[in-house]
Amino acid sequence: MLQAGRSGGIRVQHYDIVIVGGGHAGANLAIGLRQRKFAGSIAIVGEEPELPYERPPLSKEYLAGEKPFERMLIRPAAFWQEREVAMLTGHCVLAVDAEAHTVTTAAGLAIGYGELVWAAGGHARRLSCMGGDLAGVHSVRSRADVDRLMAELPTTGRVAVIGGGYIGLEAAAVLTKFGKTVTLFETQDRVLARVAGRALSHFYQEEHRAHGVELRFDVMVDTIVGTNGRVTGVRLADGEISPCDMVIVGIGIVPAVGPLLAAGAEGGNGVAVDEYCRTSLPHVHAIGDCALHANPFADNLPIRLESVQNANDQATIVAKALTGAPEPYAAVPWFWSNQYDLKLQTVGLSAGHDAEVVRGDPASRSFSILYLKEGHVVALDCVNSTRDYVQGRALVIARSRVAADRLADTAIPLKDMAQ
Ligand code: FAD
């Protein structure tokens, strides 16, 4: 039950379940709890001013001006009121006291909990080099980030994108559509190096080049240079300066777990959780981008997954646990990315694969890539090929062993290869 009182001059509220972070994970946990008829009090404490919203459109339709923010809300305001989920937006939790069962916000609000669920995601990793804080240097993590960036677009001609991961590539695709001159800088020798095999990287590189994006590989950005506090270029380690009016930084996130680790939770690059999303602290779970978990699709190695799938599925795991129906987390990872008119859908985790099979002709712009490890299918990337994505999931889930020439044969549907 919600109770309010005062303790030593500090305002204290109490909720049965306090969720820190109002992103995909936090919002879906509250939704799941109410769906499962949880009748106790629930509060979501989130540092952003908005109600929970979908983050993926930020680098896609929202940046492109094709989707208004209101359509990105995970649920409308009335939903949270009707379900009696207290929305404490604009509150950043700075401290957790796991013995006293309280969290304290930057504004000095102490909030007591019966169960705490840490769903704080992560913050965009910032450039550590000189000039990383100049005006015109942007991240793409929150609505505020993207609104700031969009406000500068009318006066921007040249954009430097730092990082060849999904967010950098999606932003590059939108900005070229706007007629901007885009150069992408990547320290590795290809795009998507962390998440995909060479064939997919090669395909996307050719697509971006065909749309006018200049790709620079094996380069280190040394300094962001500027005049009067505003970016004018990117200096590389070899001294070359590439002029630009805007820098977009897409170099990953730093998990937002400081207060929880300071309270004694185990972790490092994320907060460590078990298969029920329990942290090492009693009555504290963690879910979503910040949760470091042993994933069955990564040989049970501890990883953090930054995806809507993981956020939603871990939210379901905790909703079940907190309503007396615990179930271990074993969901197959999936993800998507939209660039130009290309819809990429991926299932499984390709890290550690030892072979790739291309199914279909990349030149047709509709094809798939199957990733194998010791002969077993471990992941699937599908470009404009939803049928393969739908039918191939079973192969990944079962880690099916299928001969490469059969996988490559588009005359045989993937569903006919499941064992
Ligand atoms: P978040 O959504 O980050 O939510 C965490 C919330 O907690 C944030 O609002 C944060 O401000 C808040 N918070 C942090 N610290 C505190 C604190 N101390 N106190 C209070 N509040 C705090 N995934 C896909 O699957 N497909 C995609 O196409 C895709 N595209 C993406 C595009 C972009 C631009 C971005 C940024 C992400 C994309 N993702 C995509 C990833 C996906 O959005 C994340 O995996 C997902 O948002 C994770 O949900 P979460 O709830 O764990 O974290």
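Small disclaimer: the values here were computed from a predicted structure and weren't measured.

1. Looking at the overall build of the protein
If you tally the helices and strands in the protein, you get nine helices and 27 strands. In terms of overall dimensions, the protein has C-alpha extents of about 65 × 65 × 35 Å along its principal axes. Looking at the protein as a whole, 52% of its 419 residues are labelled buried. For the protein, long-range pairs separated by at least 24 residues make up 58% of all intrachain contacts whose partners lie at least 6 apart in sequence. Across the protein, the centroid of the 39 positively charged side chains sits 4 Å from that of the 46 negatively charged ones.

2. A word on the sheet that holds strand E27 (residues 376-383)
Here we have five strands laid out as an open sheet, ordered E23-E24-E27-E26-E25, and antiparallel in their pairing. The open sheet is flanked by strand E23 (334-339) and strand E25 (355-359), the only strands paired with a single partner. Between one strand and the next, the sheet's axes are offset by a mean angle of 20°, whatever the strand orientation. Along the sheet, helix H4 (residues 166-177) contacts E23 and strand E24 (342-348); its crossing angle with E23, the most-contacted strand, is approximately 25°.

3. Side note on the pattern of salt bridges
Counted under the stated rule, the structure contains 21 salt bridges. A salt bridge links Asp274 to Arg278; the shortest N-O distance between them is 2.8 Å. By relative accessible area, which is 24% here, Asp274 ends up partly exposed. Residue Arg278 is classed as partly exposed on the basis of its relative accessible area, which comes to 42%. The structure contains a network of salt bridges with shared partners spanning Glu50, Arg143 and Asp147.

4. Let's talk about the side chain of Ser307
By the secondary structure assignment, Ser307 is in the loop between strand E22 (301-303) and helix H7 (308-322). Among the polar contacts made by the side chain of Ser307, one reaches the main-chain amide nitrogen of Asn310 at a distance of 3.1 Å.

5. What to know about unusual backbone geometry
Unlike most non-glycine residues, Leu192 shows phi in positive territory, near 55°. Checked against the element boundaries, Leu192 lands in the loop between strand E11 (181-185) and helix H5 (198-210). You will see that Asn300, though not glycine, has its phi angle at about 60°, which is positive. Mapped onto the secondary structure, Asn300 falls in the loop between strand E21 (291-295) and E22.

6. Examining the environment of Asn384
As for its placement among the helices and strands, Asn384 is situated in the loop between E27 and helix H8 (386-397). When its relative accessible area of 28% is taken as the criterion, Asn384 is described as partly exposed. Between the C-alpha atom of Asn384 and that of Ile303, which follows or precedes it by 81 residues, the distance is 28 Å. In this view, Asn384 contacts Asp341, Leu342, Lys343, Arg365 and Ser366; residues no more than four positions away in its chain are not counted. For Asn384, the side chain forms a polar contact with the main-chain nitrogen of Lys343, separated by 2.8 Å. From its side chain, Asn384 meets the backbone oxygen of Arg365 in a polar contact 3.1 Å long.

7. Details of the pairing of strand E10 (residues 158-162)
Taken across its five residues, E10 has four buried, putting it largely inside the fold. Two elements, E10 and E11, share five bridges in a ladder whose sense is parallel. For Val161, the partnering residue across the bridge sits in E11 and is Leu184. Viewed along the sheet, the connection from E10 through H4 into E11 turns out right-handed. Note that E10 and strand E16 (residues 246-249) share four bridges and pair parallel. By the bridge assignment for E16, Ala160 is matched with Val247.

What counts, and at which threshold
- Residues numbered from 1 in each chain as written.
- Predicted model: local features only at pLDDT ≥ 70, side-chain atom pairs only at ≥ 80, totals over all residues.
- Heavy atoms only, no water.
- Helix = DSSP H or I, 4+ residues; strand = E, 2+ residues; numbered from the N terminus.
- Buried < 20%, exposed > 50% of the residue type's maximum accessible area, 1.4 Å probe, protein only.
- Contact = heavy atoms within 4.5 Å.
- Lys, Arg positive; Asp, Glu negative; His and termini not counted.
- Charge placed at Lys NZ, Arg CZ, Asp CG, Glu CD.
- Pairing = 2+ DSSP bridges.
- Axes fitted to C-alpha atoms, helices over the stretch in contact; angles between N-to-C directions.
- Salt bridge = Lys/Arg side-chain N within 4 Å of Asp/Glu carboxyl O.
- Polar contact = N/O pair within 3.5 Å; in protein donor to acceptor, adjacent residues only side chain to side chain.
- Right-handed = clockwise from strand over helix to strand, strands pointing away.

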